[in-house]
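Structural characterization, general
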Amino acid sequence: MKRSIRIAFSFAKNNSAVSSIEFALIVPVCILLLLAGIDLARYIIFGSKCTAVANSIGEMIAVTPSNSNASTIGDGLINSSDIQTYYKSAAFTFPEMLSQNTQGGQYWQQILQINISSISFSVSPNACTTSCQYTPKLDWTFSSAAGTKFGGKDVIRQCGINFNKVSDVASYSSDSLPSSVFSTRSLIVVDVFYRFEPLFFLTPFLSGQIIERSIYFPPRFVPSIEASVDKSIFVCN
């Protein structure tokens, strides 16, 4: 009995393998946290890339010069070829998405949708200087996708829509505009939607998450930018 007690005490005092056991327990947890952190970092970076895509396209359209073929003298004019060039530039601004579409066996156009619209405002009462009411109207719209939904959500700004004025920090809705953009100036609106997929299974809550970014640009050199009637551009009456 005494010998058994001595052996037990000797075993309890022997801590030569404790660090190995701790290492074996902690390292897998650290690896899991590292992999999850990689996906979280990618999600944040990809969100910034979507903002860059929207900014880049909006900037290119906003500097459209006046065109003698526009229906209103002094307005700018873009056509389908221009829009397609701006849209395809997203692959250069956001090249990381190309690796994701390769892994998932999808075209990049299936995981990134870009909508471009022009919105003008009517003011009431006329020539007001205070307490003016601005009513937005969709003039034309383009979407890189054929359907009206992306990730199960309506994302297309359609002709005849009645826009609601919402907070500047409100989430995206196709029938809303942030209150700060209401003015006498027309707007070019670029909406970007990206379907994110994590690299690792440790962040399932990020799988299929839709990153949404919207940018609003007034034309720089003209009062408004018109669009030629085309199958890919819907011009509203």
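For the structure given in this document, a descriptive report is provided here. All residue numbers here refer to positions counted from 1 along the written sequence of the relevant chain. Per-residue local features are limited, in this predicted model, to residues with pLDDT of at least 70; the limit for side-chain atom pairs, both in listing and counting, is 80 or more; totals at the level of whole chains, interfaces and linings are taken over all residues. With hydrogens and water excluded, all non-hydrogen atoms of the structure serve as input to the side-chain values.

Another aspect to go through is the overall build of the protein. What counts as a helix is a DSSP run of H or I of at least four residues, what counts as a strand is a run of E of at least two, and both are numbered from the N terminus. Scanning the protein from terminus to terminus reveals 6 helices and 11 strands. A simple rule labels every residue: compare its accessible area, found with a 1.4 Å probe on the protein chains alone, to the largest value its type can have, and call it buried under 20%, exposed over 50%, or partly exposed in between. Burial status across the protein gives 36% buried among its 237 residues. Contact criterion: two residues are considered in contact whenever any of their non-hydrogen atoms come within 4.5 Å of each other. For the protein, restricting intrachain contacts to residue pairs at least 6 apart in sequence, the fraction spanning at least 24 positions comes to 65%. Per-residue and other accessible areas were derived by the Shrake-Rupley procedure at a 1.4 Å probe size, with only the shown protein chains allowed to occlude residues. Only carbon and sulfur atoms are counted for the fraction: they give 59% of the accessible area of the protein, which is about 13700 Å².

The next subject is the packing of aromatic side chains. Two rings from Phe, Tyr or Trp (for Trp, the six-membered ring) form a pair when their centres sit within 6.5 Å of each other. Planes less than 30 degrees apart are called stacked, planes more than 60 degrees apart edge-to-face, and all others tilted. Tallying each qualifying case throughout the model produces 8 aromatic pairs. Ring geometry for Phe46 and Phe94: centres 5.2 Å apart, planes at 75°, overall edge-to-face. Highlighted residues: Phe46 in helix α2 (residues 18-62) and Phe94 in the loop between α4 (90-93) and α5 (96-104), separated in sequence by 48 residues. Per residue, the accessibility class of Phe46 equals that of Phe94, and both read buried. Members of the aromatic cluster, connected to one another through ring pairs, are Tyr43, Phe46, Phe94, Tyr194 and Phe196. Seen from the ring of Phe182, Lys165 lies directly overhead, with NZ or CZ sitting 4.9 Å from the centre. In our convention, an over-ring charge means Lys NZ or Arg CZ found within 6 Å of a ring centre and within 35 degrees of that ring's normal.

Our focus in this paragraph is the pattern of salt bridges. A pairing counts as a salt bridge when a side-chain nitrogen of Lys or Arg comes within 4 Å of a carboxyl oxygen of Asp or Glu. Within the structure shown, the criterion is met by 5 salt bridges. Taking the shortest distance from any N to any O, the salt bridge between Lys49 and Glu96 comes out at 3.5 Å. Separated by 47 residues along the polypeptide, Lys49 in helix α2 and Glu96 in helix α5 bring together distant segments of the chain. Given the relative accessible area of 23%, Lys49 is considered partly exposed. Overall, the relative accessible area of 28% leaves Glu96 in the partly exposed class.

Once that is clear, we can look at the state of the cysteines. A pair of cysteine sulfur atoms is labelled a disulfide when the two atoms are within 2.5 Å. Taken as a whole and judged by the stated rule, the model has 2 disulfides. Paired through a disulfide, Cys128 and Cys132 show a sulfur-sulfur distance of 2.0 Å. Judged by the torsion about the S-S bond (135°), the Cys128/Cys132 disulfide is right-handed. You can call Cys132 buried: its relative accessible area is 17%.

A few words on the pairing of strand β3 (residues 133-143). Criterion used throughout: strands pair if DSSP finds at least two bridges between them. Alignment of strand β2 (residues 112-124) against β3, held across 10 bridges, turns out to be antiparallel. Bridge pairing in β3 places Val123 opposite Tyr134. Relative to strand β11 (residues 233-235), β3 runs antiparallel, the two sharing 3 bridges. What sits directly across from Thr141, in β11, is Phe234.

With respect to the helices and strands, Ile225 occurs in strand β10 (residues 225-227). Along the sequence, Ile225 and Leu187 sit 38 residues apart, while their C-alpha atoms lie 8.6 Å from each other. With sequence-adjacent residues up to four places away left out, Ile225 is seen in contact with Ile61, Ala62, Thr64, Gly76, Ile78, Ser118, Trp140, Ile188 and Pro219.

Cis geometry marks the peptide bond from Ser124 to Pro125, where omega comes out at -10°. The backbone of Ser131 shows a phi angle near 55°, a positive value even though the residue is not glycine. If you trace the backbone, Ser131 turns up in the loop between β2 and β3.

What follows deals with the pairing of β2. Where β2 and strand β8 (residues 187-196) come together, 8 bridges link them in antiparallel fashion. Opposite Gln113, over in β8, you have Phe193 as the bridge partner.

Mapped onto the elements, Ile111 comes out in helix α6 (residues 108-111). Sequence separation between Ile111 and Gly151 is 40 residues, and the spatial gap between their C-alpha atoms is 9.4 Å.

Before going further, it helps to spend a moment on helix α3 (residues 80-88). Among the residues of α3, those classed as buried are Ser80, Ile83, Tyr86 and Tyr87. Buried residues in α3, looked at end-on, bunch into an arc of 125°, giving them a common side. Residues Thr85 and Lys88 are exposed on α3 and point more than 90 degrees away from its buried face. Here a polar contact is recorded for every N or O atom pair within 3.5 Å, except that within protein the pair must consist of a potential hydrogen donor and a potential acceptor, and residues adjacent in sequence are included only if both atoms are side-chain atoms. A distance of 3.1 Å separates the backbone nitrogen of Ser81 from a side-chain oxygen at the start of α3, and that oxygen is part of Asn79. The directions considered for the arc are those from the helix axis to the C-beta atoms.

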